[in-house]
Protein chains: 2
Amino acid sequence: MEKASEERRMPKRKYEARVPGLRAELVQMQVALQRATFPVILVIAGDEASGKGEVVNVLNGWLDPRGVETIAFHEPTDEERERPSMWRYWRSLPPRGRLAIYPGGWHADALGEEPRSPRELVEFEHTLESLTHFEGLLANDGALIVKIWLRLSETEQRTRLRELESHPDTAWRVSPDDWKRHRDYQRLTSLAERMRRLTSKPAAPWQVIEASDPRGRNLAVAETLLQRFHLHARAAARPKPFGRPTGTKPLRPSGVRRLHALPLDQRLSEADYEAKRDKWLGRLNRAVREASEQGRSIVWVFEGWDAAGKGGAIRRLSSAIDARDCRVIPIAKPTDEEKAHHYLWRFWRHVPRAGRVTIYDRSWYGRVLVERLEDFCRPEEWRRAYAEMSDFEEQLTEHGIIVLKFWLHLSKEEQLRRFRHREETAYKQHKINAEDWRNRRKWHAYEVAVGDMLALTSKPNAPWHLIAANNKRFARLEILKASCEQIDAALA
Amino acid sequence: MEKASEERRMPKRKYEARVPGLRAELVQMQVALQRATFPVILVIAGDEASGKGEVVNVLNGWLDPRGVETIAFHEPTDEERERPSMWRYWRSLPPRGRLAIYPGGWHADALGEEPRSPRELVEFEHTLESLTHFEGLLANDGALIVKIWLRLSETEQRTRLRELESHPDTAWRVSPDDWKRHRDYQRLTSLAERMRRLTSKPAAPWQVIEASDPRGRNLAVAETLLQRFHLHARAAARPKPFGRPTGTKPLRPSGVRRLHALPLDQRLSEADYEAKRDKWLGRLNRAVREASEQGRSIVWVFEGWDAAGKGGAIRRLSSAIDARDCRVIPIAKPTDEEKAHHYLWRFWRHVPRAGRVTIYDRSWYGRVLVERLEDFCRPEEWRRAYAEMSDFEEQLTEHGIIVLKFWLHLSKEEQLRRFRHREETAYKQHKINAEDWRNRRKWHAYEVAVGDMLALTSKPNAPWHLIAANNKRFARLEILKASCEQIDAALA
């Protein structure tokens, strides 16, 4: 799509002849999009004074406003600053079937930092890597990402700024900063080129459009969008072979070996438990308060077999935390708003503010457990998920959030005993249903999946704690201890 | 529920004997709640040092954490400050089938203002009225609202503060401010009493519980919640007679007369339109920018007959506004998260931040139009909605938001012409379906509903602009003019 700079401007008549047809095509695209299974993300970035705002406004005039949203990032709000930097991009994402236009995209934030020193440039590249990763996630999930860079030469930029200044209606749009940036044209242009080079990937390439002729520019942007949309829609409509289900074969046999090596017969007597419990609850209370005072948030992840005692463990744990700072997020069937987004979106939603706590009762790991084994997603999707989830957790921990992950392990016999007990106890019957029995019949397959999860996603920044849960008292105390130790270590 | 202060404390043995049964009852309540069609809002407020935090933590330990959330309001964030004061309460509300515990409730914010001067006290009472209205809305929608005030006498407060100070684990919870408030006990207590008196309504009464004995207090809170829940669930399960549908009879005949009096034959030639359009678009652009600079937001509401040209009018209008500051919210079928809340919740969601614009393409008025005529809600619900919606708009305008409401009016013949045109034009066919024809057959009934809406919800702060839309050019220019005039007047 790189176009050589043309000196000739498109005549107004030719432009006006083309616009009605283009508008009809855009609206037809929107009708098709409504039925599509993917969102469209359109980034309009570019050199100073290249007319990004104008293009966005023109597109908004051409499109049916009902299916499109323009999302601009201003100064981060305090709710945004208290979360990892990608949080505000995640929460802005359009659902499937909708189009969002991002003037400047997420790239404007990165360029706005104006990195100069070598250290700043290293940070800049690190940020660009996160952005590339983010776009890769979305593209893998089916999103169409169209990124347009409007290019303006130094001479044209000067002409354009002068033009804007000379009209009373547009003079307000030129600030002293714009002229400052104009004088810095060479450096800023090469920084932007570096940005484009590092964030251009096959799934989300930058397309450079010559912006010296506003009419030609507007048409080129709309035509690029249409072209990319139709290519993408055709590709999305092609039936994808599901691939051979490989859910029951281990990717990393070491994981399931770790699981089998766990001694499950560890017990704790009632008396022992009561003697130690309050000490550890008190210690946990102090650790969480200390984290909160430092503005550090905590995320707990609880996974485990059905009836392994996740609920009870969470209850015990949260009793030591001020309920005002703590949210328990039970992960069950996603809502339709959640289903219309990337699978990680619903977890990003609940990332805690500075100094608060979120406890996930089941989590993103459902992707590589139930979704893997029940074929709710494609083999390439759950295989990819291990790295995606580790990256998500890395973003949390890099922001200073402490991530604690627990797998509550149970023997098959102990689960059976608990299922029977639930069925026989009036007020526990709601906790057992046909699905639990169905999952139980897949015990072996689940063990393989759990093993892979442990082997592939236990990282120094977010390790898995494997808890022997045949004895509830023992398990609860182990969780308290491991939590205290990890929090204390993180604060040290 | 007011209990006389008892000097005797509950023995530990008696307490411990009661707790297991109570916990089972609470969890059973939660199981019943999952299937219920209402949310539960539990406010735990009270005098200083009465143990609000403790009660909240104890309840969280007794309840299954999966169905309960604790919501505490800290200092408003900037995202909250930029919206009307009730916005942060609206966004916190639990969906149907869930329980939220509010330590301090919304009342703590009001009491925290510590009103002293007569003027501050008038403002205080005004705030309390808003809170009462808010709770009334939720209760009318079926919510169970349990508000508990933990009472502590002056002597007991002193004892309690000293107790807390004497333990290293709890000393941090007593601040110099707490002692200051203790010395001000009389005034604060009578302020709280005044608050309770003014916000106690049959649907959301305050229930005062003696807090001097922590064990007795914990049990009383849990028992109050259980009792209120069962009463409420029984009442909610009783079949409600739907009442006689009265949707087609006018409540205020003056409204439909106003509609009929509108001359629909007003036209504007192409040449006239083009001569004037740009002038008004420019003026609108300046007005919106001026509003934005003053931090004033703008909300546009577009309602009108099918095919009256809402989409085109919005497109024209938004072309004059910087797309980065403007969101168009099309109102169609609610998502399941929206359905699980009060009908106004989905509109509160999109209230713009300071200086931004939201355009609602259809709006909350669906309640008194389609929902009234299709029996999607009960007659008492849509009848109540007029006042509810006016109140919502009053909250917006009191916060400084400019609210512009347009009804695009059409003759029945012109609608028929446009329907036929849509059916005959390939790229417009998606805009017409069987439902449009069905609505058209109810033209007369809709006229009555529109008339009532105009008569009952046109207020000086948020007037309805009635637009003759048989001629699209005329309509668009009228909308531009009326918008400019209302914005300019609001900024003057």
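All figures in this text were calculated on a predicted structure; none of them were measured in a lab. (Residues numbered from 1 in each chain as written. Chains lettered and ligands numbered in written order. Predicted model: local features only at pLDDT ≥ 70, side-chain atom pairs only at ≥ 80, totals over all residues.)

Caption draft 1: Highlighting the overall build of chain A. The secondary structure content of chain A amounts to 21 helices and 10 strands. For the C-alpha atoms alone, the extent of chain A along its principal axes is close to 85 × 50 × 40 Å. Relative to its full complement of 492 residues, chain A shows a buried share of 38%. (Helix = DSSP H or I, 4+ residues; strand = E, 2+ residues; numbered from the N terminus. Buried ≥ 20, exposed ≤ 12 C-beta atoms within 10 Å, placed from the backbone.)

Caption draft 2: The arrangement of the domain arrangement of chain A in detail. Residues and elements named next belong to chain A. For chain A, the assigned domains are domain 1 (12–237) and domain 2 (253–491). For domain 1 versus domain 2, the distance between C-alpha centres works out to 40 Å. At the interface, 16 residues of domain 1 touch 16 residues of domain 2. Counting residues per element, the side of domain 1 that touches domain 2 draws most heavily on helix α6 (residues 118–140), at 4 residues. Residues of the side of domain 1 that touches domain 2, tallied by class, amount to 8 nonpolar, 2 polar and 6 charged. (Domains from an automatic or database assignment. Contact = placed C-beta atoms within 7 Å. Nonpolar A, V, L, I, M, F, W, Y, C, P; charged D, E, K, R; others polar.)

Caption draft 3: Quick peek at the nonpolar core. Core analysis: the biggest nonpolar cluster contains 230 residues, and L42, I298 and L408 of chain A together with L42, I298 and L408 of chain B have the highest contact counts within it. Dropping the residues within four chain positions of it, L408 of chain B is found in contact with G304, W305, A308, G309, K310, A313, I467, A469 and A475 of chain B. (Core = buried A, V, L, I, M, F, W, Y, C linked by C-beta atoms within 7 Å.)

Caption draft 4: Spatial organisation of the pairing of strand β9 (residues 402–409) of chain A. All names here are of chain A. Most of β9 is tucked away, with 8 of its 8 residues classed as buried. As defined by bridge partners, strand β6 (residues 298–304) adjoins β9 across 7 bridges and the pair is classed as parallel. Residue pairing in the sheet places F302 in a bridge with F406 of β9. In this sheet, strand β10 (residues 464–468) lies alongside β9 in parallel orientation, the contact comprising 5 bridges. (Pairing = 2+ DSSP bridges.)

Caption draft 5: Structural context of the interface of chain B and chain A. On the chain A side, the residues contacting the 39 residues of chain B number 39 residues. If you list the elements that add at least two residues to the side of chain B that touches chain A, you get α1 (12–35), α2 (52–62), β2 (68–70), α3 (78–81), α13 (310–318), β7 (326–330) and α14 (336–339) of chain B. Of all the elements, α2 of chain B adds the most residues to the side of chain B that touches chain A, at 5 residues. Each residue belonging to the side of chain B that touches chain A can be placed in one class, and the counts come to 13 nonpolar, 13 polar and 13 charged.

Caption draft 6: Geometry of the sheet that holds strand β3 (residues 99–103) of chain B. Residues and elements named next belong to chain B. What the 5 strands build is an open sheet, ordered β2-β3-β1-β4-β5; its pairing is parallel. With one partner strand each, in any of the chains shown, β2 and β5 (206–210) form the two edges of the open sheet. Adjacent strand axes in the sheet meet at a mean angle of 20° when their direction is disregarded. Of the strand pairs in this sheet, β2 and β3 are connected by 3 bridges, and their pairing is parallel. Within the sheet, the bridge partner assigned to V68 lies in β3 and is L99. (Axes fitted to C-alpha atoms, helices over the stretch in contact; angles between N-to-C directions.)

Caption draft 7: Spatial organisation of the environment of I402 of chain A. Residue and element names in this part refer to chain A. Tracing the sequence through the fold places I402 in strand β9. Judged by the 23 C-beta atoms lying within 10 Å of it, I402 is buried. Sequence-wise, I402 and L231 are 171 residues apart; in three dimensions their C-alpha atoms are separated by 43 Å. Excluding residues within four positions of it along the chain, I402 makes contact with A291, R296, I298, Q486, I487 and A490.

Caption draft 8: Quick look at helix α10 (residues 214–237) of chain A. Residues and elements named next belong to chain A. A rise of 1.5 Å per residue sets the reference length of α10, with its 24 residues, at 34 Å; its end C-alpha atoms lie 35 Å apart and thus fit the reference within 8%. For α10, every residue scored as buried is listed here: R217, N218, A220, V221, A222, L225, R228 and F229. Looking at the buried positions of α10, the neighbouring elements they touch are α1 (12–34), β1 (40–46), α2 (52–62), β4 (144–151) and β5 (206–210). (Expected span 1.5 Å × (residues − 1).)

Caption draft 9: Highlighting the relation of the copies chain B and chain A. In the superposition of chain B on chain A (RMSD 0.0 Å, axial shift 0.0 Å), the rotation amounts to 180°. In short, the pair behaves as if placed about a two-fold rotation axis. The residues that chain B uses at the interface reappear at the interface of chain A in 100% of cases, marking a shared surface. (Least-squares fit on C-alpha atoms with pLDDT ≥ 70 in both.)

Caption draft 10: Main features of unusual backbone geometry. All names here are of chain A. The phi angle at D375 is positive, at roughly 55°, despite the residue not being glycine. Relative to the assigned elements, D375 resides in the loop between α16 (370–373) and α17 (379–398). With 12 C-beta atoms counted inside 10 Å, the residue D375 sits in the exposed group.

Caption draft 11: Layout of the sheet that holds β5 of chain A. All names here are of chain A. Read from one edge of the open sheet, 5 strands run β2-β3-β1-β4-β5, paired in parallel fashion. Only two strands of the sheet have a single neighbouring strand rather than two, namely β2 (68–70) and β5. Each strand axis lies, on average, 20° off the axis of its neighbour in the sheet, ignoring direction. Taken together, the 5 bridges between β4 and β5 define a ladder with parallel strand orientation. Of the residues in β5, the one forming a bridge with W149 is V208.

Caption draft 12: Focus on the confidence of the model for chain A. All names here are of chain A. When pLDDT is averaged along chain A, the result is 92, and 97% of the positions lie at 70 or above. Scored below 50 in pLDDT, residues 1–6 shows 10 contacts in the model against residues more than four places distant or in partner chains. The ipTM value of the predicted complex is 0.83, and its pTM value is 0.89. (pLDDT = per-residue confidence, 0-100.)

Caption draft 13: Fine view of the packing of helix α11 (residues 253–261) of chain B against helix α20 (residues 443–457) of chain B. All names here are of chain B. It is at 7 Å that the axes of α11 and α20 come closest, and there the two elements cross at 105°. Taken together, the axes of α11 and α20 are roughly perpendicular relative to one another. Note on element contacts: α20 touches α11 through E447, V448, V450, G451, D452, M453, L454 and A455, opposite S254, G255, V256, R258 and L259. Split by residue class, the contact of α11 with α20 holds 7 nonpolar, 3 polar and 3 charged. (Parallel < 35°, antiparallel > 145°, perpendicular 65-115°, else oblique.)

Caption draft 14: View of the packing of helix α6 (residues 118–140) of chain B against helix α9 (residues 185–199) of chain B. Residues and elements named next belong to chain B. Two elements in contact, α6 and α9, have axes whose closest approach is 9 Å; the angle formed by their N-to-C orientations is 40°. Here α6 lies oblique to α9, going by the angle between them. Every pair of crossing elements has a handedness; the one defined by α6 and α9 is right-handed. On α9, the residues that touch E125, L128, L131 and T132 of α6 are M195, L198 and T199. Residue classes in the contact of α6 with α9 are distributed as 4 nonpolar, 2 polar and 1 charged. (Left-handed = near helix turned anticlockwise from the far one by under 90°.)

Caption draft 15: Region of interest: the environment of L161 of chain A. Residue and element names in this part refer to chain A. Here L161 shows up in helix α7 (residues 154–166). Given 19 C-beta atoms within 10 Å, L161 falls into the partly exposed group. Along the primary structure L161 and D178 are separated by 17 residues, whereas in three dimensions their C-alpha atoms are 8.2 Å apart. Once residues lying within four places of it in the same chain are set aside, the contact partners of L161 are A49, V174, D178, W179 and H182.

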